[in-house]
Amino acid sequence: MAVAVTTKTAWKLQEITAHSSNVSSLVLGKSSGRLLATGGDDCRVNVWSVNKPSCIMSLTGHTTPIESLQINMNEELIVAGSQSGSIRVWDLEAAKILRTLLGHKANICSLDFHPFGSFVASGSLDTNIKLWDVRRKGCVFRYKGHTEAVRCLRFSPDGKWLASAADDHTVKLWDLAAGKIMFEFTGHTGPVNIVEFHPNEYLLASGSFDRTVRFWDLEKFQVVSCIEEEATPVRCVLFNPDGCCLYSGFQDSLRVYGWEPERCFDVVLVNWGKVADLSICNNQLIGVSFAQSTVSSFVVDLSRVTKSGCIPHGLMRDDEPLVLPTPMGSSLRRIYDRPSTSCSKPQRVKHNSESERRSPSSEDDRDEKESKAEIQNPEDYKEIFQPKNAICRTPPRNNEPFPAPPEDEPVTAKEAVKPSQAADVQTLSPKQELVRTPPIASSTPLPRTEPSVIPAARNEPIGLKVSDFLPAVKNQNQNELVDEEAMSQIRKGHETMCVVLTSRHKNLDTVRAVWSTGDIKNSVDSAVAINDLSVVVDLLNIVNQKASLWKLDLCTIVLPQIEKLLQSKYESYVQTGCTSLKLILQRFLPLITDILAAPPSVGVDITREERLHKCKLCYKQLKNISNIVKNKSGLSGRHGSAFRELHLLMAVLE
């Protein structure tokens, strides 16, 4: 009989030499937990796949050491800030520099991507916080208030707030729409290293060099609780995806916290040294740390970590367990995505320095030409950064959990957890085993109902049953059928499918014939006239690849079709509609609003009148679509993120 092998709770995954000089910063991709970016004193940014020894891509262009890094939510863009105050944004899929942003006068200490907009926030040693529009290559806002270096920045899950932590011992909350501070949280007695928003509730966590973790209520603007028994500074924090607990990285340990009341659910000993970043994937927590030129990655199996309902470690007084309050309702505080609040267009800040108000110049262009993305490992690059703009994109393979090594392996100097230590962590005293405390309701997220949407990736056609294509067996004992009878049964369903595909092919041939003449507007007109949304989707997927094909008169034809696509039950139709609408908003919305706001011209100008008529028509159609976008912006997942980004872009219409 086989004996079950006990595996480790935490272990060291790998150790790599990341740079030719000292590593100065690193960050993990939060979406997959498999993408790692490192910055070094050699002025390079190297991109790695976790648990693979070779570098995928090396990004060059900075002339001073890299001080801060961040990867966006989709893991398509990476931003790096240097010691000189310059910021560079790279497109990982296209393997090229996207933007160079200049304006800070000292080291870039912190960076963060907006959750669903083309914006980047940066915090510097010069005490300023800047909000950048990556598309327009300019500073949108500057927030002043901190008196020392800004060490961490985080956008709220709904994208309306920005939290900042600094060496001046404070945490500040900024309203992006109003462009001003909402509240300043004081209480830490040392520099604040890290801040993190709760994924659902109005709750903010902060960790400091004063060895405390504080939880702040963002509705009442007061401290919820403070955990202050640790022996080393708090280096990084991360909420569990469902919001049930907070993971805190310390020197050589991971601690799991609850906040109402303050308590430590579990402690896992991990020899990761000064851990720099955390990510969660497949119920495993990935932690990375660096020392000199080496980077080490570690894994903690969260299925073996206590997240709630246990006796708090070290928070007992007079040998009595802490009495927990009775839960009051499903949630003690509000959650994000308030439908009554709309994010208005930020007002542009008055720039005081020449570097902030100048437009893209030849000097900036030269900087971007000197910045390169060198692909070191083409195979890994193609596997991870598949082109997402292809019409028929192969879905990426799902990441598998890292296999845990057996507990009884020989202990080496490089292992993350010693068996004796792991046993100490997971073994409770007999007295502790008798007491069980209920989980706190405030840490339980509210369930969200998803709309019935037919996914783009599916294994069988919609509306067709496999049994319709198979011969019916009247007698269960009679399994053999004559070939002719079997073929006739198959043809019944096959002929129906052929009719549908033949009709679609004929329609596409008609559109292609018009397209070959070079008249894009007429080809779109012909696709719309066919009255088949599938043909419109096929054509838009082509037009979306080249933004220069879009013209104002094309928008007047496409916008009514986009309104239909956004309300479709097919996920692929909704995705195409969102992509087309985003292109129209980015390229034409400023033009439309400017023309409508312009005073009437003197005399008769036929061209201007035609353009004004088209702008009025587009504006009316966009107003109709904005209501649909607003209603769908509360969805979760990929759809919700796309609609929230569109809602921000359409804020000027409200």
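Residues numbered from 1 in each chain as written. Predicted model: local features only at pLDDT ≥ 70, side-chain atom pairs only at ≥ 80, totals over all residues. Heavy atoms only, no water.

Within the chain, the secondary structure is distributed over twelve helices and 29 strands. Across the 654 residues of the chain, 49% fall into the buried class. Of the roughly 32000 Å² of accessible surface on the chain, 51% is carried by carbon and sulfur atoms. (Helix = DSSP H or I, 4+ residues; strand = E, 2+ residues; numbered from the N terminus. Buried < 20%, exposed > 50% of the residue type's maximum accessible area, 1.4 Å probe, protein only. Areas by Shrake-Rupley, 256 points an atom, 1.4 Å probe, with all protein chains shown as cover.)

Turning to the pattern of salt bridges, a few remarks are in order. Inspection of every chain in the model, using the stated rule, returns nine salt bridges. Between Arg135 and Asp133 there is a salt bridge; the shortest N-O distance is 3.5 Å. The salt bridge involving Lys582 is made with Glu645; its shortest N-O contact spans 2.8 Å. Of this pair, Lys582 sits in helix 10 (residues 571–597) while Glu645 sits in helix 12 (residues 637–649), placing them 63 residues apart in sequence. Among the residues examined, Lys582 registers a relative accessible area of 26% and is labelled partly exposed. (Salt bridge = Lys/Arg side-chain N within 4 Å of Asp/Glu carboxyl O.)

The next thing to look at is the packing of aromatic side chains. Summed over the entire model, instances satisfying the criterion amount to twelve aromatic pairs. Ring centres of Phe183 and Phe185 lie 5.0 Å apart, and the angle between their planes is 55°; on these two criteria the pair is classed as tilted. Relative to Phe221, the ring of Phe183 has its centre 5.1 Å away and its plane inclined at 20°; by these criteria the two rings are stacked. In this pair, Phe183 is assigned in strand 17 (residues 180–185) and Phe221 in the loop between strand 20 (213–217) and strand 21 (222–227), connecting sequence segments 38 residues apart. (Phe/Tyr/Trp six-rings, centres within 6.5 Å; stacked < 30°, edge-to-face > 60°.)

Grouped together as the largest cluster of nonpolar side chains are 42 residues, with contacts concentrated most on Trp550, Leu559, Leu566, Leu581 and Leu622. Elements supplying a minimum of two residues to this core: helix 7 (520–529), helix 8 (533–543), helix 9 (552–566), helix 10, helix 11 (606–632) and helix 12. With eleven residues, the single largest contributor to this core is helix 10. Filtering out sequence-adjacent residues up to four positions away, Leu559 remains in contact with Leu581, Ile584, Cys618, Gln621, Leu622 and Ile625. (Core = buried A, V, L, I, M, F, W, Y, C linked by side-chain atoms within 4.5 Å. Contact = heavy atoms within 4.5 Å.)

Attention now moves to the packing of helix 8 against helix 10. It is the contact of helix 8 with helix 10, at a shortest axis distance of 10 Å, that shows an interaxial angle of 45°. Judged by the inter-axis angle, helix 8 sits oblique to helix 10. Once helix 8 is placed against helix 10, the crossing between them reads as left-handed. Contact with helix 8, carried on its side by Leu533, Ser534, Val537, Leu540 and Asn541, involves Tyr573, Thr576 and Ser580 of helix 10 and no other residues of that element. Residue composition of the contact of helix 8 with helix 10, grouped by class: four nonpolar, four polar and no charged. (Axes fitted to C-alpha atoms, helices over the stretch in contact; angles between N-to-C directions. Parallel < 35°, antiparallel > 145°, perpendicular 65-115°, else oblique. Left-handed = near helix turned anticlockwise from the far one by under 90°. Nonpolar A, V, L, I, M, F, W, Y, C, P; charged D, E, K, R; others polar.)

Attention now moves to the side chain of Ser633. Within the secondary structure layout, Ser633 lies in the loop between helix 11 and helix 12. Among the residues examined, Ser633 registers a relative accessible area of 13% and is labelled buried. Apart from residues no more than four positions distant in its own chain, Ser633 is found in contact with Gly640, Phe643, Arg644 and His647.

Here helix 7 crosses helix 9 at 20°, and the two axes come no closer than 10 Å. As far as their axial angle goes, helix 9 and helix 7 are roughly parallel. Once helix 7 is placed against helix 9, the crossing between them reads as left-handed. For the pair formed by helix 7 and helix 9, the contact residues are Ile520, Lys521, Val524, Asp525 and Val528 on the first element and Asp553, Leu554, Ile557, Val558 and Gln561 on the second.

Here we come to the sheet that holds strand 9 (residues 96–101). Across the sheet, four strands lie side by side as 6-7-8-9; this open sheet has antiparallel pairing. The sheet terminates laterally at strand 6 (66–71) and strand 9, the two strands that pair on one side only. Along the sheet, successive strands turn relative to each other by an average axial angle of 20°, direction set aside. The pairing of strand 7 (residues 77–82) with strand 8 (residues 87–91) spans five bridges and is antiparallel. Across the sheet, the residue bridging to Leu77 is Asp91, located in strand 8. (Pairing = 2+ DSSP bridges.)

Before going further, it helps to spend a moment on the sheet that holds strand 13 (residues 138–143). Strand order in this open sheet of four strands is 10-11-12-13, and the pairing throughout is antiparallel. Pairing within the sheet leaves two strands with one partner each, and these edge strands are strand 10 (108–113) and strand 13. Each adjacent strand pair in this sheet contributes to an overall mean axis angle of 25°, direction not counted. Both strand 12 (residues 129–133) and strand 13 contribute to a ladder of five bridges, which runs antiparallel. Its bridge partner being in strand 13, Asp133 is matched across the sheet by Gly138.

Now for the side chain of Asp133. Looking at where Asp133 falls in the secondary structure, it is placed in strand 12. At 3.0 Å, the side chain of Asp133 and the backbone nitrogen of Arg135 are in polar contact. Residues in contact with Asp133, not counting those within four places in the same chain, are Ser118, Phe119, Gly138 and Val140. (Polar contact = N/O pair within 3.5 Å; in protein donor to acceptor, adjacent residues only side chain to side chain.)

With that out of the way, let us pick up helix 6 (residues 483–515). Its 33 residues give helix 6 an end-to-end C-alpha distance of 45 Å, which sits within 8% of 48 Å, the value for a rise of 1.5 Å per residue. Most pronounced at Arg491, the bend in helix 6 amounts to some 30°. Among the residues of helix 6, those classed as buried are Ala486, Gly493, Asn507 and Val511. On its buried side, helix 6 packs onto helix 7 and helix 8. (Expected span 1.5 Å × (residues − 1). Bend = angle between axes of the 7 residues up to and from the residue.)

Here helix 10 is 27 residues long and its end C-alpha atoms lie 36 Å apart, about the 39 Å a rise of 1.5 Å per residue gives. A maximum bend of about 50° is found in helix 10 at Phe588, where proline Pro590 lies one to four positions downstream.

To continue, consider the environment of Asn624. Tracing the backbone through its elements, the reader meets Asn624 in helix 11. Between the C-alpha atom of Asn624 and that of Glu563, which follows or precedes it by 61 residues, the distance is 8.0 Å.

For the rest of this paragraph, the subject is the environment of Ser297. Checked against the element boundaries, Ser297 lands in strand 28 (residues 294–301). Placed 284 residues apart in sequence, Ser297 and Leu13 show a C-alpha to C-alpha distance of 5.4 Å. Residues in contact with Ser297, not counting those within four places in the same chain, are Lys12, Leu13, Gln14, Val50, Gly287 and Val288.

To continue, consider unusual backbone geometry. The amide bond that connects Glu260 to the next residue, Pro261, takes the cis arrangement and shows omega of 0°. Locating Pro261 in the fold gives a position in the loop between strand 24 (253–259) and strand 25 (262–269). The phi dihedral of Phe221 is positive, around 55°, even though this residue is not glycine. What makes Phe221 partly exposed here is its relative accessible area of 25%. For Asn282, which is not a glycine, the phi torsion comes out positive at approximately 55°. Structurally, Asn282 is set in the loop between strand 26 (275–281) and strand 27 (284–291).

Function-wise, these values are silent; they only describe arrangement.
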